Amino acid sequence: MRVGLVDLFDGSAQRDLAYLRAFARTAEEAGFSSLWLPEHLVFFEEYDSAYPYPAAPNPANPEVAEVHTYGAGAAPRVEAAQEQGLLDVLQTAAELCRHTTRLRVGSSVLLLPLRDPRLLVRELATLDLLTGGRFDLGVGVGWSAEEYAAAGVPFAERGARFERNLAAISGLWGGEGLPGTGRPLPRVLVGGQSRPAIRRAARYATGWYPWNLTTGDFARHLAEIEAGLREHGRSRADFHVIAGLRFHGAVADLRPAVERYLELGADSVNLSLRMTPETYPATMREVSRALGLAA
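In this convention, every chain numbers its residues from 1, walking through the sequence in written order. Residue-level local features of this predicted model are given only where pLDDT is at least 70; pairs of side-chain atoms are given and counted only at 80 or more, and the full residue set underlies all totals for whole chains, interfaces and linings. Here the side-chain values reflect all heavy atoms present in the structure, with hydrogen atoms and water set aside.

### Considering the overall build of the protein
In step 1: A run of H or I in DSSP becomes a helix once it reaches four residues, and a run of E becomes a strand once it reaches two; helices and strands are each numbered from the N terminus. Each helix and strand counted, the protein has nine helices and 11 strands in total.
In step 2: The C-alpha extent of the protein, read off along each of the three principal axes, is 50 × 40 × 40 Å.
In step 3: Burial analysis of the protein (295 residues in total) assigns 49% to the buried set.
In step 4: Sequence-distant contacts, at least 24 apart, represent 78% of the contacts inside the protein between residues at least 6 apart.
In step 5: Working definition of accessibility: Shrake-Rupley area with a 1.4 Å probe, residue cover restricted to the visible protein chains. Entry remark: accessible area of the protein is about 13500 Å², with carbon and sulfur atoms responsible for 50%.
In step 6: When charges are counted, neither His nor the chain ends are considered; positive counts come from Lys and Arg and negative counts from Asp and Glu. For charged residues, the charge sits on one atom: NZ in Lys, CZ in Arg, CG in Asp, CD in Glu. The positive charge centre, built from 31 side chains, and the negative charge centre, built from 35, are 5 Å apart in the protein. Relative accessible area decides the class of each residue, using a 1.4 Å probe on protein chains only: under 20% of the type maximum gives buried, over 50% gives exposed, and in between gives partly exposed. Whether two residues touch is decided by their heavy atoms; if any such pair falls within 4.5 Å, the residues are in contact.

### Description of the side chain of Asn58
In step 1: Inspection of the secondary structure assignment puts Asn58 in strand S3 (residues 55-58).
In step 2: With a relative accessible area of 18%, Asn58 lands in the buried category.
In step 3: Every residue in contact with Asn58, bar those within four places of it in the chain, is listed here: Val64, Ala65 and Glu66.

### With respect to the pairing of strand S1 (residues 3-6)
In step 1: Of the two faces of S1, the one carrying Val3 and Leu5 and the one carrying Gly4 and Val6 are both buried.
In step 2: For two strands to be treated as a pair, DSSP must find no fewer than two bridges joining them. Bridge analysis of S1 against strand S11 (residues 268-272) gives three bridges, and the strand direction is parallel. When the sheet's bridge partners are listed, Gly4 is paired in S11 with Asn270.
In step 3: Pairing of S1 with strand S2 (residues 34-37), which is carried by three bridges, proceeds in the parallel orientation. Pairing of Leu5 across the sheet is with Leu35, part of S2.
In step 4: Handedness rule for crossovers: strands pointing away from the viewer, path from the first strand over the helix to the second running clockwise, crossover right-handed. You can see the chain leave S1, run along helix H1 (residues 17-29) and come back into S2, and the turn it takes is right-handed.

### Description of the pairing of strand S7 (residues 135-140)
In step 1: Most of S7 is tucked away: six of the six residues are buried.
In step 2: Side chains Phe135, Leu137 and Val139 project from S7 onto one buried face, and the interleaved Asp136, Gly138 and Gly140 project onto a second face that is buried too.
In step 3: Direction of pairing for strand S5 (residues 104-107) relative to S7: parallel, over a ladder of two bridges. Following the sheet pairing, Val105 is matched in S7 by Phe135.
In step 4: Note that strand S6 (residues 110-111) and S7 share two bridges and pair parallel. Paired with Leu110 across the two strands is Val139, which belongs to S7.
In step 5: Handedness of the crossover is the feature at issue here: the chain leaves S6, passes through helix H3 (residues 117-130), returns alongside S7, and the resulting connection is right-handed.
In step 6: Summarising the sheet, S7 and strand S8 (residues 188-191) pair through three bridges and their orientation is parallel. Considered in S8, the bridge of Leu137 is made with Val188.

### Concerning the packing of aromatic side chains
In step 1: Stacked, tilted and edge-to-face are the three classes applied to pairs of Phe, Tyr and Trp rings, where Trp contributes its six-membered ring and a pair requires centres within 6.5 Å; stacked means planes under 30 degrees apart, edge-to-face means over 60, and tilted covers the rest. Inspection of the entire model under this criterion finds 14 aromatic pairs.
In step 2: Geometrically, the ring pair formed by Tyr19 and Tyr280 is edge-to-face, given 5.3 Å between the ring centres and 85 degrees between the ring planes. In this pair, Tyr19 sits in helix H1 while Tyr280 sits in helix H9 (residues 280-291), placing the two residues 261 residues apart along the sequence. The burial state of Tyr19 is the same as that of Tyr280; both residues are buried.
In step 3: Geometrically, the ring pair formed by Tyr209 and Trp211 is edge-to-face, given 6.2 Å between the ring centres and 85 degrees between the ring planes. Comparing Tyr209 with Trp211 shows no difference in burial state: the two are buried.
In step 4: Through a chain of ring-to-ring contacts, the aromatic side chains of Phe44, Tyr47, Tyr51, Tyr53 and Trp143 assemble into a single cluster.

Geometry only, nothing functional implied.
What follows is the structure, given as structure tokens:
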């Protein structure tokens with residue numbers, strides 16, 4: 001059973017470098033297979049953009065979705081503290097791998113339309129060498145028009161920019177002037193479950209990473225992915241699927257839910273457990289025991 005964790009690192013007093021290193025070592029010792037890092041360039045106090053993940057599967061019955069908000073009557077919004085920031089995903093990944101031996105690290109997800117593809121490929125090639133090939137690139141278009149405005153990138157062009165950049169990564173990989181000539185391209189997973197995301201994953205990527213899908217929706221979209229792979233003459237055997245879940249229930253309900261996504265075709269499951277600097281060691285150990293992860 002391959003289970004990853006999704007959590008944030010911001011360099012704050014509570015989540016400093018010592019915390020980052022201890023968190024990664026604890027995750028590895030507890031038997032988790034990977035650690036995934038969200039990316040946001042900047043957060044805002046107020047959004048006109050709609051947060052697209054207001055619901056998560058019910059832990060006791062993942063066929064049913066439940067809406068969770070910050071309070072009664074509150075509009076769903078991204079979960080971030082006031083004045084929240086995030087460390088750079090790629091540099092943080094290198095540090096996490098430096099203090100672990102087998103833990104894979106991934107982006108959950110990198111905002112690809114905001115990146116220059118040539119610079120990104122050089123960064124990926126460097127990171128691939130520094131981590132011994134332990135980095136997985138999750139990519140998405142994002143949902144915040146405010147974030148695009150802050151980056152000076154037209155929000156309306158995000159889909160076209162995403163496809164151009166996604167196609168460019170494999171074309172630029174291994175080119176002249178890049179480190180790591182001859183090394184395989186890191187795994188590239190398209191995040192999201194919209195029709196464009198499914199189409200792009202099947203055509204360009206080596207994986208798919210949906211978020212907060214019920215088991216029924218996961219199975220339906222995975223069938224669409226597999227049909228797209230066949231259409232493009234590609235093999236499912238070379239394609240990695242991760243089911244991402246925000247888990248908010250009783251730990252006793254976790255194993256049946258994870259096993260169900262694996263039975264439906266997920267190669268691994270990523271969990272966002274909403275741990276604090278005080279609770280993460282005990283929570284990791286409890287979840288590890290429930291899932292039978294540690295040797």
